[in-house]
Amino acid sequence: MGRASPLARAHEDRGARVTEFGGWTMPVRFDGTRVEHEAVRESVGKFDVSHMGELRVTGPDAPALVDRLQTNDAGTLAPGEARYGGVTDERGVLLDDTVVYRRPDEEDEPSYLLVPNAGHDEEATARAVRVRDAAGLTADVENATEDLAMVAVQGPDAPALVDDATAADVATLDRFEVTTAKLGDVDCLVATTGYTGEAGVEVVCPWDAAARVWAAFDCQPCGLGTRDTLRLEMGYLLSGQEFDPETEPRTPFEAGIGFAVDRSTPFVGRDALAGATDPDERLVGLRLTERGVPRHGYPVLADGREVGTVTSGTVSPTLDEPIALAYLPRAHRDPGTAVAVEVRGDPVAARVTRPPFVARTDT
Amino acid sequence: MRFDYPPERRYRPTHEWLTADEPRRVGVTDFAQDELGDVVFVELPDPGDPLTAGDAFGVVESIKAVSDLYAPVDGEVATINESLFDRPELVNDDPYGEGWMIEVRVDAAGELLSADEYREQVE
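Residues numbered from 1 in each chain as written. Chains lettered and ligands numbered in written order. Predicted model: local features only at pLDDT ≥ 70, side-chain atom pairs only at ≥ 80, totals over all residues.

Chemist: Mind showing me how you'd approach the overall build of chain A here?
Modeler: Broken down by element type, chain A carries seven helices and 20 strands. Rg of the C-alpha trace for chain A: 20 Å, near the compact-globule value of 21 Å for 363 residues, within the 12% margin. Overall, chain A is about 60 × 50 × 40 Å in size when its C-alpha atoms are taken along their principal axes. Split into buried and exposed, the 363 residues of chain A put 53% on the buried side. Sequence-distant contacts in chain A: of pairs separated by 6 or more residues, those separated by 24 or more amount to 66%. (Helix = DSSP H or I, 4+ residues; strand = E, 2+ residues; numbered from the N terminus. Rg over C-alpha atoms; globule rule 2.2 N^0.38 Å. Buried ≥ 20, exposed ≤ 12 C-beta atoms within 10 Å, placed from the backbone. Contact = placed C-beta atoms within 7 Å.)

Listed below in structure tokens is the structure:
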């Protein structure tokens, strides 16, 4: 068994099926991926995302440190703002992707919460300390992953549901904002961020209060299976699949998150990425036009020759069609290009497309 | 008991069932469809293809998982359930009825479990 969410007992009582993910034992399914997926696209669903890491970075040089730790210009965030960025090594290869929140309730010094992916928290903490010390910066770095739980409430009806459950005015927040809010007697951070393409929030609360926060949202509980189909319909990256320093070393430009790279900031990997903004291979979407289910690792063929590999694939519950993400070279990645995915030895016809596969409604 | 296993059918430890009477049909159990989750794809052999007990004859895929289907008998494929190509969710909705997969001509049955033996194994 891996690390356990503070909600593990509640999930077990609710009949959740669990899986190992990033070193954590987490619910993968409550009532079926289709039902859960539809709830989020049509109304609202909630996810336990306590497996996500949380790093506290606080101090006079905290803005300079967050600028070095990830690719976006998070150092310029005002209190109450959030930003998405990549985390790269000296080669410019993605180690992780992260959201940086500047706390709305910081006191004398700038204070941030960085959210690394599941299982990356220890490595991210060590790296932050290393980068801080190498640059001679003054900031405290603390791994708060097991002090803080996180619940995502996502879907078109999520803002109203969260607004009703809290004393804060959540419905008027723009995307990528974060505010303090009391949920009953629990002090929370409520951020208009997510991984589904829908409106909604992510709520950060003390570990011990997670059960109260979870119970406060009366809506469909959703597992990691649904989190995966939702993010895949949006073309969002999954750490370990679309990028991984060992098995899928990719730059942010290859992975399609060049929008989150600000090369005027001094992040680790900036110099290596100077000439890398227009790579040969890029992440694209595939829609299969014949029967078959694309899966991680399946070859992508053009004229019978292997030109790429599927990084993630499924049958989209919204479209009821097979979709995939894959890295393809320039010659084969224009939208509309005919390719094939090799499924158990047989080529299945597909067309290149630009994600998202399903229109985003959160902007 | 959470799952249903018709007592007159026979079962493989790999979660396929075989009817006792003609037409001899093969499908997957209630337990298997629940383990898989939402079924989105079924790959079946062609009528006339030979079957060998214990060998894979097809594939069933859910949103998350890919599973082989194993033949409970030596024999031949008589008919396949083509409605599963458009409506794979029948495997979840009605695993012993409309979710059947193939009809078989049986030369020899493999080693199969009774409903009680199967239940004991999975629950």
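Text resumes after the structure shown.
Chemist: What should I look at first to understand the interface of chain B and chain A in this one?
Modeler: Where interface size is quoted, it is often the accessible area lost as the parts come together. Taken together, the contacts link nine residues of chain B with 12 residues of chain A. Counted by class, the side of chain B that touches chain A contains five nonpolar, one polar and three charged residues. (Nonpolar A, V, L, I, M, F, W, Y, C, P; charged D, E, K, R; others polar.)

Chemist: Can you help me understand the domain arrangement of chain A in this one?
Modeler: You can read the domains of chain A as domain 1 (3-52 + 146-234), domain 2 (55-143) and domain 3 (280-363). Measuring from the centre of the C-alpha atoms in domain 2 of chain A to the corresponding centre in domain 3 of chain A gives 34 Å. (Domains from an automatic or database assignment.)

Chemist: Looking at this structure, how should I read the pairing of strand β6 (residues 56-62) of chain B?
Modeler: As a general feature of sheets, a regular strand has side chains that alternate between the two faces. Residue and element names in this part refer to chain B. Burial runs high along β6: five of the seven residues are buried. Of the strand pairs in this sheet, strand β4 (residues 39-43) and β6 are connected by four bridges, and their pairing is antiparallel. When the sheet's bridge partners are listed, Phe41 is paired in β6 with Glu61. Here β6 runs beside strand β7 (residues 66-70); their pairing, made up of five bridges, is antiparallel. (Pairing = 2+ DSSP bridges.)

Chemist: Any chance you could explain the environment of Gln154 of chain A here in plain terms?
Modeler: The residue Gln154 of chain A is located in strand β10 (residues 148-154) in this model. For Gln154 of chain A, the contacting residues outside a window of four places in its chain are Val40, Val44, Gly45, Phe47, Gly194, Thr196, Glu198 and Gly200 of chain A.

Chemist: Honestly, the packing of helix α2 (residues 33-42) of chain A against helix α7 (residues 224-234) of chain A in this entry has me stumped. Any pointers?
Modeler: Between two packed helices, what matters for the description is the angle formed by their axes and the separation of those axes. Residues and elements named next belong to chain A. Contact pair α2 / α7: the axes reach a minimum separation of 9 Å and the direction vectors enclose 55°. Our classification of the angle between α2 and α7 gives oblique. The handedness of the crossing between α2 and α7 is right-handed. Residues Thr33, Glu36, His37 and Val40 of α2 form the contact with α7, whose own contacting residues are Gly225, Thr226, Thr229 and Leu230. Among the residues making up the contact of α2 with α7, the classes are represented as two nonpolar, five polar and one charged. (Axes fitted to C-alpha atoms, helices over the stretch in contact; angles between N-to-C directions. Parallel < 35°, antiparallel > 145°, perpendicular 65-115°, else oblique. Left-handed = near helix turned anticlockwise from the far one by under 90°.)

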